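Each chain, letter by letter, is given below.
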Amino acid sequence: MSGPSTYQPSHPALQWFEKRLPLIGLIHSSFIAYPTPRNLNYWWTFGGILSFMLGVQIVTGVILAMHYTPHVDHAFNSVEAIVRDVNYGWLLRYLHSNGASMFFIAVYIHMLRGLYYGSYKAPREVLWILGVIIYLLMMATGFMGYVLPWGQMSFWGATVITNLFSAIPYVGESIVTLLWGGYAVGNPTLNRFFSLHYLLPFVIAGVVVLHVWALHVVGQNNPAGVEPKTEKDMVPFTPYATIKDGFGIVCFMIFYAWFVFYIPNYLGDPDNYIQANPGVTPAHIVPEWYYLPFYAILRSIPSKLGGVIAMFSAIIVLAFLPWLDSAKTRSSKYRPLAKQFFWIFVAVCVLLGWLGGKPAEGVYIIAGRVLTFCYFAYFLIVLPILSRIETPRAVPNSIADDVLAKYGKKAGPMAPVILALVLAGGLVMGGAQNARAAEGGPTPPSLSWSFAGPFGTFDRGALQRGYKVYKEVCATCHSMNLVHFRNLADPGGPGFSAAQALAVASDIKVQDGPNDAGDMFERPGRLADKFPAPFPNENAARAANGGAYPPDLSLMAKARNYDRGFPQFIFDFFWQFQEKGPNYIDALLQGYTDPPKDFQLPQGAYYNKYFPGHAIKMPKPISDDQVTYDDGTPQKVENYAKDVATFLMWTAEPHLEARKKLGLQVMIFLIIFAFLMYFTKKKVWANAH
Amino acid sequence: MTTTSSAQHTRRDFLYVATGAVAAVGAAAAAWPLISQMNPDASTIAAGAPIEVDLTPIAEGQDIKVFWRGKPIYISHRTKKQIDDARAVPVSSLPDPQTDQARVKEGHDQWLVVIGICTHLGCIPIAHEGAYDGFFCPCHGSVYDTSGRIRQGPAPANLPIPPYAFVSDSKIKIG
């Protein structure tokens, strides 16, 4: 984009077009002939990865919007309908929700790379500031997107974040009302968030164009931090950067696919599988992992307005970085002190993220304040002072020299750095899951499930027995509003035939009407009907259960959680552990015991060692020999609990088998593709060395 | 250089072609779910199950409109005259030749069940209108007779018959 294009179209038609709109010339000079430094390392591929992720988010987002309903009464169920009924809807939803996390992982690496190699320094200040603007837009987009499924965490996250603005003196309350469009977070809020969530990615795309434009005017920075001098320093963008970025993207896709196909809910909060309830606040409101460091800063200031200012300042300070650090040497490679402080800063950010997921109490508050000070000190004290006192090492004369020097010695200690980063990332992500640390209680035992692991499938026998337990025990109090009779015959389910499913349906009387005479009537169930609730309405259900509303069981296995503790959740990532819900259900059903002597059991409650707080309103639901098994499985509570937990896992995620099966195919494909890309990249770059 | 690189060239070309081919296959496979999601979802398909319609309340000469799979379906209880009119027409004179017998169920000649969507551009014709006392489409003036066959106007074909069957003498199942 700098200077006139060298593109000379050969075909007369192309020449005609080029004279009138030099579009092809623009593309040619920006992405084909554009000279890139020869010494770029793989940290530079994250720019390409980010473009790719923006594309993925926009494509999957536009498609999800085709099926989503932005209304408080329908939003939650429409998201579940996407996952359950739309063709490949589960895939699109998981691509989008995990894509947000991938986007932020990539942007943090991209930002830290800029910080380390001094990419913000002259003449790239505007490029850097545009980047900060993109980051702010991403945060707004991510937050509003998280609100859309209208789960408990969505609703309360929206309430908490919009309440930040109430800290503004005098006009705060009015601004919050303006943001809500009501007296509380409600339908107008959801509607405008949907509109803005759809709009902002295109604004991001627009600023990205400016970002890339600014980049192409000033040229790319590089690990040596010296400006290119001769032709020898540069290689054309295509094929060199194209193939390298392509290889980087494919490797990143393997990482992404791991989440999407094997641990799709690892980064999400289980509370978001409970529909928004304006009357009940979750025990801990935790943002998504990518906001945790800023959340920690917000909480560590003991003043409402102060916390909000500190949090926003933590981002705004980035925009002033070009002037805070006035060192002449760009790359931290040649700045021994700056290098050390950089890694300390990374550690501070990771620890802040970990604290953000911890309850704000005791030592965590003190640690939060110290680390908040360290965060700001890095920008406001360390960098300005370092740039005055530090003696940098000699920088190479040119990029070509840097490349030659690199080939003289072995690669640096990259592997331990990456390993440390992966572990640190796990720490932050796991932090969100760890937020319930204060709740205590024994951890349910981990059982072996047939659907665990990458090749896991449901045990059909267990699903069918589990259905029987559900029908004869659970269904007397609980509904399943998201499961239809037809689902019993779906592939990957309990393996009923269509006729069996129809027989199950027609055994049940469904309330329908009004008919032509204006009367309600009962008819036999159809395949398209949902599992009915045993009570005509919520009040009747409450009355029959001593005031406690029996929750819907459709999403029970996804909505229940317990603390796995550090370092367990890091191993969970590698072992694809996602059986928290079934483990919890199984344990809960078997956890009824007599209360300990000093335990004050409230009236009408029962002691359960696995229930948070141990006082549960539900009496022990199953006992030995309560349900008849025809296949010789022992009729014990232990078996009932395991079978019904398996069944509830299926009702929570009916496409689990399809997900793992497709995941295997995608993984094999991506690994083959990554190998091919690697060798192609090697061949292409062989010319350049 | 030329002799040594020509052997390398083929190996390298193969690598490039293989990489490109795998990328193309990947792009095509990735496009599949993005397109497939636009097909009817499972709940829509389930809602398209057959429906039963009770014919008892429909008097002779009357017609009702029911919906199945989002389409309006006309059920006409035809009079003797209407049936005779439909059968008196020479089939060869029709734009879309079809006998009246082929358009109703045997033994249930009085019942005409048609999808009420004009075969021209998808408007809904009005029953008991037009020169043939059949259906008249107000949009572009297509006229259908008492058997739902096209007689005048731009529509190219007769009103389609939905799949249906008589469950009993007074009840049909559409779908």
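Residues numbered from 1 in each chain as written. Chains lettered and ligands numbered in written order. Predicted model: local features only at pLDDT ≥ 70, side-chain atom pairs only at ≥ 80, totals over all residues. Heavy atoms only, no water.

## So, the overall build of chain B
- On a plain count of helices and strands, chain B comes out with three helices and 10 strands.
- Expressed as lengths along the three principal axes of its C-alpha atoms, the size of chain B is roughly 95 × 35 × 30 Å.
- Counting the 175 residues in chain B, one finds 35% classified as buried.
- Looking at chain B as shown, the accessible area adds up to about 9,400 Å², and 60% of this sits on carbon and sulfur atoms.
- Of the charged side chains in chain B, 15 are positive and 16 negative; the average position of the first set lies 9 Å away from that of the second. (Helix = DSSP H or I, 4+ residues; strand = E, 2+ residues; numbered from the N terminus. Buried < 20%, exposed > 50% of the residue type's maximum accessible area, 1.4 Å probe, protein only. Areas by Shrake-Rupley, 256 points an atom, 1.4 Å probe, with all protein chains shown as cover. Lys, Arg positive; Asp, Glu negative; His and termini not counted. Charge placed at Lys NZ, Arg CZ, Asp CG, Glu CD.)

## Comments concerning helix α23 (residues 580-590) of chain A
- In terms of burial, α23(A) is largely enclosed, as 10 of its 11 residues are buried.
- Residues of α23(A) that are buried include every one of A:Lys580, A:Gly581, A:Pro582, A:Asn583, A:Tyr584, A:Ile585, A:Asp586, A:Ala587, A:Leu588 and A:Leu589, and no others.

## Considering the sheet that holds strand β7 (residues 142-144) of chain B
Residue and element names in this part refer to chain B.
- Sheet architecture is open: four strands sit in the order β5-β6-β7-β8, paired in antiparallel fashion. At either margin of the open sheet sits one strand with a lone partner, and together these are β5 (126-129) and β8 (150-152). Averaged over all adjacent pairs, the angle separating strand axes in this sheet is 40 degrees, with direction ignored. (Pairing = 2+ DSSP bridges. Axes fitted to C-alpha atoms, helices over the stretch in contact; angles between N-to-C directions.)

## Considerations on the sheet that holds strand β9 (residues 164-168) of chain B
Residues and elements named next belong to chain B.
- Taking strand neighbours across the sheet as the criterion, the three strands line up as β1-β10-β9 in an open arrangement whose pairing is antiparallel. The open sheet has two edge strands, β1 (51-54) and β9, and neither has a second partner. Averaged over all neighbouring strand pairs, the angle between strand axes comes to 30 degrees, with direction disregarded.

## Here's the deal with the interface of chain A and chain B
- Taken together, the contact pairs 21 residues of chain A with 20 residues of chain B.
- Each partner contributes to the roughly 1,800 Å² buried at the junction of chain A and chain B, and carbon and sulfur atoms together form 72% of this total.
- Considering only the side of chain A, the residues that lose the most area to chain B are A:Asn87, A:Leu676 and A:Lys683, jointly responsible for 26% of the buried surface there.
- At the junction of chain A and chain B, the tally comes to zero salt bridges.
- In this structure, the connection of chain A to chain B is made through seven residue pairs in polar contact (both at pLDDT 80 or more). (Contact = heavy atoms within 4.5 Å. Buried area = accessible area lost by both parts, 1.4 Å probe. Salt bridge = Lys/Arg side-chain N within 4 Å of Asp/Glu carboxyl O. Polar contact = N/O pair within 3.5 Å; in protein donor to acceptor, adjacent residues only side chain to side chain.)

## Focus: the packing of helix α1 (residues 12-20) of chain A against helix α2 (residues 23-31) of chain A
Residue and element names in this part refer to chain A.
- Axis separation between α1 and α2 bottoms out at 7 Å; the angle between their running directions is 90 degrees. Considering their axes alone, α1 and α2 lie roughly perpendicular with respect to each other. Counted together, Leu14, Phe17 and Glu18 of α1 and Leu23, Ile24 and Gly25 of α2 form the full contact between these two elements.
- Each residue belonging to the contact of α1 with α2 can be placed in one class, and the counts come to four nonpolar, one polar and one charged. (Parallel < 35°, antiparallel > 145°, perpendicular 65-115°, else oblique. Nonpolar A, V, L, I, M, F, W, Y, C, P; charged D, E, K, R; others polar.)

## A look at the packing of helix α5 (residues 89-116) of chain A against helix α6 (residues 125-147) of chain A
All names here are of chain A.
- Across the interface, α5 lies against α6 with an axial gap of 12 Å and an inter-helix angle of 155 degrees. The angle between the axes of α5 and α6 places the two elements in the roughly antiparallel class. Crossing geometry of α5 relative to α6 is assigned as left-handed. Residues Phe103, Phe104, Val107, Tyr108, Met111, Gly114 and Leu115 of α5 form the contact with α6, whose participating residues are Trp128, Tyr135, Met138 and Met139.
- A class-by-class count of the residues in the contact of α5 with α6 yields 10 nonpolar, one polar and no charged. (Left-handed = near helix turned anticlockwise from the far one by under 90°.)

## Side note on the environment of A:Tyr592
All names here are of chain A.
- Following the sequence through the fold, tyrosine 592 ends up in the loop between α23 and β7 (606-607).
- Classification of tyrosine 592 by relative accessible area gives buried; the value is 12%.
- Each C-alpha atom, one on tyrosine 592 and one on asparagine 608, is 4.4 Å from the other, the two residues being 16 residues apart in sequence.
- Apart from the residues lying within four places of it in its own chain, the contact partners of tyrosine 592 are Tyr606, Tyr607, Asn608, Ile616, Met618, Pro619, Lys620 and Pro621.
- Polar contacts involving the side chain of tyrosine 592 include one to the main-chain carbonyl oxygen of methionine 618, which spans 2.8 Å.

## Some thoughts on the nonpolar core
Residue and element names in this part refer to chain A.
- Core analysis: the biggest nonpolar cluster contains 164 residues, and Phe104, Tyr375, Phe379 and Tyr470 have the highest contact counts within it.
- With 15 residues, α5 is the single largest residue contributor to this core.
- In contact with tyrosine 375, other than residues within four places in its own chain, are Phe294, Ile297, Ala314, Val317, Phe345, Val348, Cys349 and Leu352. (Core = buried A, V, L, I, M, F, W, Y, C linked by side-chain atoms within 4.5 Å.)

## Quick word on the confidence of the model for chain A
- Overall, the predicted model of chain A reaches an average pLDDT of 91, with 94% of residues at or above 70.
- Low confidence marks residues 434-438 of chain A, where pLDDT is under 50. Its contacts with residues over four positions away, or in another chain, come to 20 contacts. (pLDDT = per-residue confidence, 0-100.)

## Points about the confidence of the model for chain B
- Residue-level pLDDT values for chain B average 91, and 95% of them are 70 or greater.
- The complex model carries a pTM of 0.92, and its ipTM stands at 0.86.

## Quick look at the pattern of salt bridges
- This structure, assessed with the given rule, holds 25 salt bridges over all chains.
- The salt bridge partner of A:Lys333 is A:Asp402, with a shortest N-O separation of 3.6 Å. In this pair, A:Lys333 is assigned in the loop between α13 (321-324) and α14 (336-356) and A:Asp402 in helix α16 (residues 399-408), connecting sequence segments 69 residues apart.
- Judged by relative accessible area, A:Lys333 falls into the partly exposed class, the value being 24%.
- Between B:Asp145 and B:Arg149 there is a salt bridge; the shortest N-O distance is 3.2 Å. We note that B:Asp145, like B:Arg149, is buried.
- Taken together, the shared-partner salt bridges in this structure form one network comprising A:Lys121, A:Asp325, A:Arg335 and A:Glu390.

## A word on the packing of aromatic side chains
- Here the structure, examined in full by the defined rule, presents 61 aromatic pairs over all chains.
- A centroid spacing of 6.4 Å and a plane angle of 75 degrees characterise the contact between A:Trp90 and A:Phe261, whose relative ring orientation is edge-to-face. Remark: A:Phe261 occurs in helix α10 (residues 237-262) and A:Trp90 occurs in helix α5; sequence separation between them is 171 residues. We note that A:Trp90, like A:Phe261, is buried.
- Measuring from centroid to centroid gives 5.2 Å for A:Phe259 and A:Phe573, while their planes differ by 50 degrees, and the two rings are tilted. Placement of the pair is A:Phe259 in helix α10 and A:Phe573 in helix α22 (residues 568-575), with a sequence separation of 314 residues.
- The exposure class of A:Phe573 is buried, given its relative accessible area of 14%.
- Linked through ring pairs, A:Trp43, A:Phe46, A:Phe252, A:Phe255, A:Trp258, A:Phe259, A:Tyr262, A:Tyr266, A:Phe573 and A:Phe574 together constitute an aromatic cluster.
- In this arrangement the basic side chain of B:Lys105 is found over the ring face of B:Tyr164, its NZ or CZ atom lying 4.7 Å from the centre.
- Stacked on the ring of B:Tyr132, the Lys or Arg B:Arg151 has its end atom at 4.2 Å from the ring centre. (Phe/Tyr/Trp six-rings, centres within 6.5 Å; stacked < 30°, edge-to-face > 60°. Lys NZ or Arg CZ within 6 Å of the ring centre and 35° of its normal.)

## A look at the side chain of A:Lys121
Residue and element names in this part refer to chain A.
- Locating lysine 121 in the fold gives a position in the loop between α5 and α6.
- By relative accessible area, lysine 121 is classed as buried at 5%.
- A distance of 2.9 Å separates a polar atom in the side chain of lysine 121 from the backbone oxygen of threonine 329.
- Not counting residues within four places of it along the chain, the set of residues in contact with lysine 121 comprises Asp325, Ala327, Thr329, Arg330 and Arg335.

## Concerning the state of the cysteines
- In the structure shown here, the tally under the stated rule is one disulfide over all chains.
- Two residues, B:Cys123 and B:Cys139, share a disulfide whose sulfurs are 2.3 Å apart. With the S-S dihedral at roughly -115 degrees, the linkage between B:Cys123 and B:Cys139 falls on the left-handed side. Here B:Cys123, found in the loop between β4 (111-115) and β5, pairs with B:Cys139, found in the loop between β6 (134-137) and β7; they are 16 residues apart in sequence, far enough to count as distant.
- Judged by its relative accessible area of 39%, B:Cys139 is partly exposed.
- Unpaired in terms of disulfides, A:Cys374 finds its nearest cysteine sulfur in A:Cys349, a separation of 11 Å.
- Residue A:Cys374 is classed as partly exposed on the basis of its relative accessible area of 31%. (Disulfide = S-S within 2.5 Å.)

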